[in-house]
Amino acid sequence: MTLRIPAPGDAEGEIAGLVRRFGPTLERAVAVGTDAFWRRQGRTREVCMVIRRPSGRLLTATKTLYPAGVYRLLTGGVEPGERVLAALLRETDEETGLRVAVRRLLAVIAYRAEDAADDDPPRFRTFAFLLDELGGALGATDPDERIAAYGEVAPEDLRAIAEQLERLPPVYDPRIGESWRDWGRPRAALHQAVHDALLAAPEGGA
C-alpha cells in the first residue's frame, strides 16, 4: 500500500510494516469535527478491536456513561511512543480479557477537522484490526474502562450502529467534555469503514 494520507514521523513506515504482515487495508480520509474538538482528544491515534467470536459474530460493548442502547466496537488509545500492535494487544486485554489472534488490518481511518485548511494534516487516526477470539474469560481487566455490558452483532449490522452513532443528540455531557453528537460522528465513520472492509472480503481473511 502507498500511503496517500500524510503521516507524521515514522507512522508511514509503521503502517507499511503492518500491511506487509497483515495484508492490504482500506484507507479512508474523513472530514469530521472541528479543530477544537480534535485538540481536546489528547491523543492522535487509537486502535479498534474487531473481535470475531467463535460464532462469527463481532464483539461490541457499552460503557456506564453511554446513552441507553448504544453499543459499539471496542477502541483504545495508542500511548505516546507506543507501537500500534502493542497498543492493540494491551487494549484487547484491558477491555476484554480475551486471548486473540490478529488476522487483518481492516482499515486505517484518518480524520481531518472540517474547518481545517486543505493542506492541514490529519488530526487523528484509527487502526481497525480483525481479531479472532481464541479463549479466555470475557471481562475487562481494567476497571477504569467502565464497561457495563457486552453484545454481539453480525458484520452487516455495523451499518446500523454507524447510523445510530451519527444520530446521537447534540447534548453536552461533562463526563466526555463534548456533545454526544460530536462524540458519535467520528465513531460512525469508523463503523462504516469496518463494515465496508468486512463486506468487501466476507471470508474475513482467516
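Whatever comes next refers back to the structure up there.
Read on for a plain summary of the structure. (Residues numbered from 1 in each chain as written. Predicted model: local features only at pLDDT ≥ 70, side-chain atom pairs only at ≥ 80, totals over all residues. Heavy atoms only, no water.)

## Regarding the overall build of the protein
1) Next: Scanning the protein from terminus to terminus reveals five helices and nine strands.
2) Next: For the protein, the N- to C-terminal ordering of α and β elements is α-β-α-β-β-β-α-β-β-β-α-β-β-α.
3) Next: If you line up the protein on its principal axes, its C-alpha atoms span 45 × 40 × 30 Å.
4) Next: For the protein, the proportion of its 206 residues judged to be buried stands at 52%.
5) Next: Across the protein, every contact between residues at least 6 apart in sequence was considered, and the portion connecting residues at least 24 apart equals 76%.
6) Next: When the accessible surface of the protein is summed, it comes to about 9500 Å², and 50% of that surface belongs to carbon and sulfur atoms. (Helix = DSSP H or I, 4+ residues; strand = E, 2+ residues; numbered from the N terminus. Buried < 20%, exposed > 50% of the residue type's maximum accessible area, 1.4 Å probe, protein only. Contact = heavy atoms within 4.5 Å. Areas by Shrake-Rupley, 256 points an atom, 1.4 Å probe, with all protein chains shown as cover.)

## Here's the deal with the packing of aromatic side chains
The geometry of two aromatic rings is summed up by the distance between their centres and the angle between their planes.
1) Next: Within the structure shown, the criterion is met by eight aromatic pairs.
2) Next: Seen from their ring centres, Trp180 and Trp183 are 5.0 Å apart, and the 80° between their planes marks the pair as edge-to-face. Within this pair, Trp180 and its partner Trp183 are both found in helix H5 (residues 180–200), separated by three residues, close to a single helical turn. Of the two residues, Trp180 and Trp183, neither departs from the other in class, the shared state being buried.
3) Next: An aromatic cluster of three or more residues is present, and its members are Phe37, Trp38, Tyr111 and Phe124. (Phe/Tyr/Trp six-rings, centres within 6.5 Å; stacked < 30°, edge-to-face > 60°.)

## Let's talk about unusual backbone geometry
Glycine aside, residues mostly have negative phi angles, and peptide bonds mostly take the trans form.
1) Next: Notably, Arg146 is not glycine yet its phi reads approximately 55°, a positive angle.
2) Next: Relative to the elements of secondary structure, Arg146 occurs in the loop between strand E6 (124–135) and strand E7 (147–153).
3) Next: Residue class for Arg146 comes out partly exposed when judged on its relative accessible area of 42%.

## A word on the packing of helix H4 (residues 158–166) against H5
Angle between the axes and distance between the axes are the two parameters that describe a pair of packed helices.
1) Next: Closest axis-to-axis distance for the H4/H5 pair is 7 Å, and the angle between their directions is 165°. The orientation of H4 relative to H5 falls into the category roughly antiparallel. Judged by the twist between their axes, the crossing of H4 over H5 is left-handed. Note on element contacts: H5 touches H4 through Arg181, Trp183, Gly184, Arg185, Arg187, Ala188, His191, Gln192, Val194, His195, Asp196 and Leu198, opposite Leu158, Arg159, Ile161, Ala162, Leu165 and Glu166. (Axes fitted to C-alpha atoms, helices over the stretch in contact; angles between N-to-C directions. Parallel < 35°, antiparallel > 145°, perpendicular 65-115°, else oblique. Left-handed = near helix turned anticlockwise from the far one by under 90°.)

## Observations concerning the side chain of Glu82
1) Next: Mapped onto the elements, Glu82 comes out in the loop between strand E4 (74–77) and helix H3 (84–96).
2) Next: Beyond its immediate sequence surroundings of up to four residues, Glu82 is in contact with Arg45, Gly77, Ala87 and Arg90.

## Notes on empty space enclosed by the protein
1) Next: A full pass over the atoms with the stated rule returns one cavity of 30 Å³ or more.
2) Next: Lining the largest cavity are Ala61, Lys63, Tyr66, Arg72, Leu73, Leu74, Thr75 and Glu95.
3) Next: In terms of residue class, the lining of the largest cavity is built from four nonpolar, one polar and three charged. (1 Å grid on protein atoms, 1.4 Å probe; cavity = no way out; pocket = protein on both sides within 12 Å on 5 of 7 lines; lining within 4 Å. Points joined across faces, edges and corners; volume = space filled by probe spheres on them. Nonpolar A, V, L, I, M, F, W, Y, C, P; charged D, E, K, R; others polar.)

## A word on the nonpolar core
Taken as a class, soluble globular proteins show a tendency for nonpolar side chains to be buried jointly.
1) Next: In terms of nonpolar packing, the biggest core is built from 34 residues, with Val50, Leu106, Tyr111, Leu158, Val194 and Leu198 touching the most fellow members.
2) Next: Contributions of two or more residues to this core are made by helix H2 (35–39), strand E2 (45–52), strand E5 (99–112), E6, H4 and H5.
3) Next: The greatest single-element share of this core, amounting to nine residues, is contributed by H5.
4) Next: Residue contacts for Leu198: discarding those within four places in its chain leaves Val50, Leu58, Leu106, Leu130, Pro155 and Leu158.
5) Next: In this structure, Ile15, Val47, Leu74 and Val102 belong to the second largest nonpolar core, which totals 24 residues. (Core = buried A, V, L, I, M, F, W, Y, C linked by side-chain atoms within 4.5 Å.)

## Description of the pattern of salt bridges
A pair can form between side chains of opposite charge whenever their charged atoms are brought close.
1) Next: Summed over the entire model, instances satisfying the criterion amount to 20 salt bridges.
2) Next: Note that Arg53 and Glu133 form a salt bridge whose closest N and O atoms lie 2.7 Å from each other. Of this pair, Arg53 sits in the loop between E2 and strand E3 (58–63) while Glu133 sits in strand E6, and the two are 80 residues apart along the sequence. Here Arg53 matches Glu133 in class, with each residue buried.
3) Next: In this structure, the salt-bridge partner of Arg57 is Glu152, at a minimum N-O distance of 3.7 Å. Of this pair, Arg57 sits in the loop between E2 and E3 while Glu152 sits in strand E7, placing them 95 residues apart in sequence. (Salt bridge = Lys/Arg side-chain N within 4 Å of Asp/Glu carboxyl O.)

No statement about biological role is implied by the geometric values presented.
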